[in-house]
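Observations on the model geometry
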Amino acid sequence: MKLLLHACCGPCSLEPTRILRAAGHDLTLYYANSNIAPAEEYAHRLGTLRTWAGGEGLPVVEGPYDPAAWEATAGRVGEAALAAADGDVLRVATHPALREARCRACYRLRFEEAARVASERRFDAVGTTLSVSPYQFTEVIREELERAAAAAGVRALFEDYRPFYDEATRRSRATGMYRQNFCGCRFSEAEAAAERAERK
Ligand code: SF4
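Residues numbered from 1 in each chain as written. Predicted model: local features only at pLDDT ≥ 70, side-chain atom pairs only at ≥ 80, totals over all residues. Heavy atoms only, no water.

Comments concerning the pattern of salt bridges
Counted according to the given criterion, the structure contains 17 salt bridges. For Glu144, the salt bridge is made with Arg104, and the minimal N-O distance between the two is 2.8 Å. Separated by 40 residues along the polypeptide, Glu144 in helix α6 (residues 138–152) and Arg104 in helix α5 (residues 96–120) bring together distant segments of the chain. Overall, the relative accessible area of 1% leaves Glu144 in the buried class. (Salt bridge = Lys/Arg side-chain N within 4 Å of Asp/Glu carboxyl O. Helix = DSSP H or I, 4+ residues; strand = E, 2+ residues; numbered from the N terminus. Buried < 20%, exposed > 50% of the residue type's maximum accessible area, 1.4 Å probe, protein only.)

Structural notes on the nonpolar core
Considering soluble globular proteins, one finds that nonpolar side chains tend to be buried as a cluster. In terms of nonpolar packing, the biggest core is built from 46 residues, with Leu29, Trp52, Tyr107 and Val126 touching the most fellow members. Elements supplying a minimum of two residues to this core: β1 (2–6), α1 (10–22), β2 (26–31), α2 (39–56), α5, β4 (125–128) and α6. A total of seven residues in this core trace back to one element, the largest contributor, which is α5. Counting residues in hydrophobic clusters, the runner-up holds six residues, among them Trp70, Ala105, Cys185 and Phe187. (Core = buried A, V, L, I, M, F, W, Y, C linked by side-chain atoms within 4.5 Å.)

A short note on the site of the ligand
The ligand sits among Asn35, Trp70, Arg102, Cys103, Cys106, Tyr107, Arg110, Gln136, Cys183, Cys185 and Ser188. Considering every element that reaches the shell around the ligand, the biggest residue donor is α5, with five residues. (Near = heavy atom within 4 Å.)

Topic: the sheet that holds strand β5 (residues 155–156)
If you trace the five strands from one edge of the open sheet to the other, you get β3-β2-β1-β4-β5, paired in parallel fashion. Edge positions in the sheet fall to β3 (60–62) and β5, since each has one partner strand and no second. Judged from the four bridges that link them, β1 and β4 form a sheet pairing that is parallel. Each residue of the ladder has a partner; that of Leu4, found in β4, is Val126. Against the sheet, α1 touches β1 and β2, its axis set at about 155 degrees to β2. (Pairing = 2+ DSSP bridges. Contact = heavy atoms within 4.5 Å. Axes fitted to C-alpha atoms, helices over the stretch in contact; angles between N-to-C directions.)

Observations concerning unusual backbone geometry
Going from Ala37 to Pro38, the amide bond is cis rather than trans, its omega being 0 degrees. By the secondary structure assignment, Pro38 is in the loop between β2 and α2. The backbone of Asp86 shows a phi angle near 55 degrees, a positive value even though the residue is not glycine. With respect to the helices and strands, Asp86 occurs in the loop between α3 (67–84) and α4 (89–94). Under the relative-accessibility criterion, Asp86 is labelled exposed at 67%. For Arg122, which is not glycine, the phi dihedral falls at a positive 60 degrees.

Taken by themselves, the reported measurements are silent on function.
Below, the structure is given as structure tokens:
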């Protein structure tokens, strides 16, 4: 199957691409991640992905980087949740219910973009590497990927790659690949920092 695989970063791409290639799929990676801030971080993750994918013979297509679009959707939802938590970043970090709507809006923006391109370029299906992370909302990823694919008229190829997260961590460490310590958006960076400070 000719598959456009939404890729969030290098480490998260390692195992899904191995599994999908072993299954015989023809992969193109699509880096559509307007959630990532600041722009330097976005570029660093893209560079890491390109370097690794180049060695693997995997094509990488960069989508539009539109932080304003992200702020107008997921960013607004995130601000509302933070206000509901009285500005307590640690509370948001430790209560998934306060993050889920923000992450859903974030997935939606990125998957709609990926599905649109998959349809325009006549891919058979669209997938995502996001579901390798146990820190994401796996069922929400599935729902949003299927929703975006149906709207664009392409097939969704969702797989739960979480059982391979440890192997992805091992492989990325072994190769010295850049591994970020927050999911991507400005909220997640502040939440990760708050959790680290709490653990000290
Ligand atoms: S935590 Fe990750 S998935 Fe959730 S809104 Fe931020 S960047 Fe998007």
